[in-house]
Amino acid sequence: MTLRLHDTLARSVREFVPVEQGRASIYVCGPTVQSAPHVGHMRSAIAFDILRRWLIASGYDVTLLRNVTDIDDKILHNAGHESVPWWALAARNTRAFTDGYDALNVLPPTGEPRATGHVPEMVELMQRLIDADHAYAAGGDVYFDVRSFADYGRLSGQRPDQMLSSEAPDEAGAKRDPLDFALWKGAKPGEPAWPTPWGAGRPGWHLECSAMATRYLGPSFDIHGGGLDLVFPHHENEVAQSVAAGDGFARYWLHNGMVNTSGEKMSKSLGNSLVVADVLERARPQAVRYLLGAPHYRSDLEWSEDGLAEADAAYGRIENFLSRAAEVAGPPPAAALPPEFVAALDDDLAVPRAIGAVHDAVRAGNSALAAGDKDAAATAYGEVAAMIDVLGLSPHDFTVGGGDATLRHVVDTLVPAMLATREAARQRKDFAEADRIRDALAAAGLVVEDTSSGARWRLA
RNA sequence: GGCGGGAUGGCCGAGUGGCUUAGGCAAGGGCCUGCAAAGCCCUGUACGCGGGUUCGAUUCCCGCUCCCGCCUCCA
């Protein structure tokens, strides 16, 4: 069984055959750093993080690029609104994204190119397009000639003749056709600009991704990913630019579904965004990652606070097993991934089924622990640990409980002392006293569990 | 108007032409426990509506209703 992935361009699930055997090159559209990251951004990052981890687990040498669009209309607009330099706003938001990825255990990309650092590559690509009569300079801008590219619309299933043009006729400016899109935007007074043979200006959104993807991954690479909302026009335009210029470009197009709130896609313009930093104030990162990563990556996801609580409980079940098993077996033994887990992820990353396999192993492990079957428990323990790692949900990968080391030491000392006092009370059948101590710990946010080998405790 | 996706039990969320009809959360019963907690076992409640194909459809086809995404900055 080999990996099969849903390709938006082919509109079907295809076997994954990389350009180069044993290697996988991935370009994921990262954010435009116009504002703080919301959970929708994280959902996309997590989806492709799981793809990456699965490729690594399958033996691939993976190169994953995730760009940062650090110059665009919204950034300039928001910076003006806040009276801060555009580059300062971009840098601040870029850091916020990095913090979000880190908190949710998204592996750092192999490279993280920024648009403003790749103007020469963009100029080169524009020159190739102009030379091939697929682009033209006009009125300080450079446009792609959509009618010159016969396959335009193939990725998104749109037909140029059917497309609405939102622009009023008088706004079309120097375009030859309303569908033509800007590769490069001529400088406006007071805006940042970079020199080009066609005049100073700044990058159009679509151009940068084509230029950066081929700069680092070559003219033909394996996977291009991003949110479903990018299929048109962004990815359609990328295909047009790169293929018209003679590059093979991406061989598989993967798109993740949207995160909705109360039936609507979340985005800053709707004013209902769920900023990651705020969510992490009221939920553990493990729960957030579980919630965003557990459904299939291609289905839409309805964000809800109830869902967050459920995710926390479901993850807690896995976590609980791991810590109980660790008390018996120490570090998890090496174990092969269960076949049903492998089959699930190979089938277009069917994470829901994969998580089903995780829970099956958890139940088997819990039963083994209850029966005192150490070997069976250890096997399940190793399997669960291995599976969870592929999903990026290993408890130890997350920063535990914040707090500083000193406070943790106090807790680690104080709690066992209280539990010893309680155990003494239980021995002399003073259950009132024992319950008083347990209640006190519960009030402090700790759960006490009595087991045959003594009491254990954890954060509620 | 054009393109695409979806409607599953109290909730989330998979999946399949019939078979033991995922998994989680919640609920009820049992075991365990001093009582709990954790864990294990058991239980119930499904496939939007109307047709069609079929021996048989939640699963395939047609129509309808509703929802969502894209067509404009957007993961």
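Remember, predicted model here, so these are calculated numbers, not experimental data. Along each chain, residues carry numbers from 1 onward, in the same order as the chain's sequence is written. Whichever chain is written first is A, and whichever ligand is written first is 1; the rest continue in order. With the structure being a predicted model, the display of local features is reserved for residues of pLDDT at least 70 and the display and counting of side-chain atom pairs for 80 or more, all residues being used for whole-chain, interface and lining totals. For the side-chain quantities, the full set of heavy atoms in the structure was used; hydrogens and water were omitted.

Engineer: Looking at this structure, I do not really get the overall build of chain A. What am I missing?
Structural biologist: Helix and strand counts for chain A come out as 14 helices and 15 strands. By its C-alpha atoms, chain A is 90 × 55 × 35 Å across when sized along the principal axes. Only protein chains enter the calculation, and the probe is 1.4 Å; a residue is then buried if its accessible area is under 20% of its type maximum, exposed if over 50%, and partly exposed in between. The burial tally for chain A puts 50% of its 460 residues in the buried class. Restricting to contacts in chain A with at least 6 residues of sequence separation, those with at least 24 account for 75%. Each accessible area is a Shrake-Rupley result for a 1.4 Å probe, and residues are judged covered by the shown protein chains and nothing else. Taken as a whole, chain A presents about 21,100 Å² of accessible surface, with 53% of it coming from carbon and sulfur. Side-chain charges in chain A split into 43 positive and 62 negative, and the spacing between the mean points of these groups amounts to 3 Å. Secondary structure follows DSSP: runs of H or I at least 4 residues long count as helices, runs of E at least 2 residues long count as strands, and numbering of each begins at the N terminus. Contacts are assigned to residue pairs that have any heavy atoms within 4.5 Å of one another. Within this scheme the basic residues Lys and Arg register as positive and the acidic residues Asp and Glu register as negative, but His and the chain ends are omitted. In this description, the location of a charge corresponds to atom NZ of lysine, CZ of arginine, CG of aspartate or CD of glutamate.

Engineer: Quick question: what am I supposed to make of the side chain of Thr94 here?
Structural biologist: Position of Thr94 relative to the elements: it lies in helix α3 (residues 86–103). Within 3.5 Å is the distance limit for a polar contact, defined as a pair of N or O atoms, with the added protein rule that one can donate a hydrogen and the other accept it, and that residues adjacent in sequence qualify only through two side-chain atoms. Here the side chain of Thr94 touches Ala90 through a polar contact of 2.6 Å, landing on its backbone oxygen. Residues in contact with Thr94, not counting those within four places in the same chain, are Val33 and Val68.

Engineer: Looking at this structure, I do not really get the packing of aromatic side chains. What am I missing?
Structural biologist: Any two of the Phe, Tyr and Trp rings considered here, Trp counted by its six-membered ring, make a pair once their centres fall within 6.5 Å; the pair's planes then place it as stacked at under 30 degrees, edge-to-face at over 60, or tilted in between. In the structure shown here, the tally under the stated rule is 14 aromatic pairs. Seen in terms of ring centroids, Tyr152 and Phe181 are 6.4 Å apart; in terms of plane orientation they differ by 25°. Their pairing is stacked. Pair noted here: Tyr152 is in the loop between β6 (141–144) and β7 (181–186) and Phe181 is in strand β7, with a separation of 29 residues, a long-range link. Residue Tyr152 shares its accessibility class with Phe181, and that shared class is buried. Here the aromatic residues Phe144, Phe149, Tyr152, Phe181 and Phe232 are joined through ring pairs into a cluster of three or more. Against the face of Tyr136 rests Arg176, its NZ or CZ located 3.9 Å from the ring centre. For a ring to carry a charge above it, either NZ of a lysine or CZ of an arginine must fall within 6 Å of the ring centroid while also lying within 35 degrees of the normal to the ring plane.

Engineer: How should the domain arrangement of chain A be read in this particular structure?
Structural biologist: How big an interface is tends to be expressed through the accessible area that disappears when the partners come together. Either an automatic procedure or a domain database provided the assignment from which the domain bounds are taken. Domains assigned within chain A are domain 1 (4–256), domain 2 (304–397) and domain 3 (405–459). Domain 2 and domain 3 are separated by 27 Å when their C-alpha centres are compared.

Engineer: Would you take a moment to explain the side chain of Ser394 for this structure?
Structural biologist: Mapping Ser394 onto the fold places it in the loop between α12 (374–390) and α13 (405–427). Among the polar contacts made by the side chain of Ser394, one reaches the side chain of Asp389 at a distance of 3.5 Å. The residues touching Ser394, leaving out its near neighbours within four places in the chain, are Tyr315, Ala385, Ile388 and Asp389.

Engineer: How should I be thinking about the pairing of strand β2 (residues 12–15) in this particular structure?
Structural biologist: The side chains of a regular strand alternate, first on one face of the sheet and then on the other. Strand pairing is assigned whenever DSSP detects at least two bridges linking the two strands. The sheet contact formed by strand β1 (residues 4–7) and β2 spans 4 bridges and is antiparallel. Bridged to His6 within β2 is Val13. Connecting β1 to the antiparallel partner β2 that follows it, the hairpin turn spans 4 residues, and Arg11 within it adopts a positive phi of roughly 55°.

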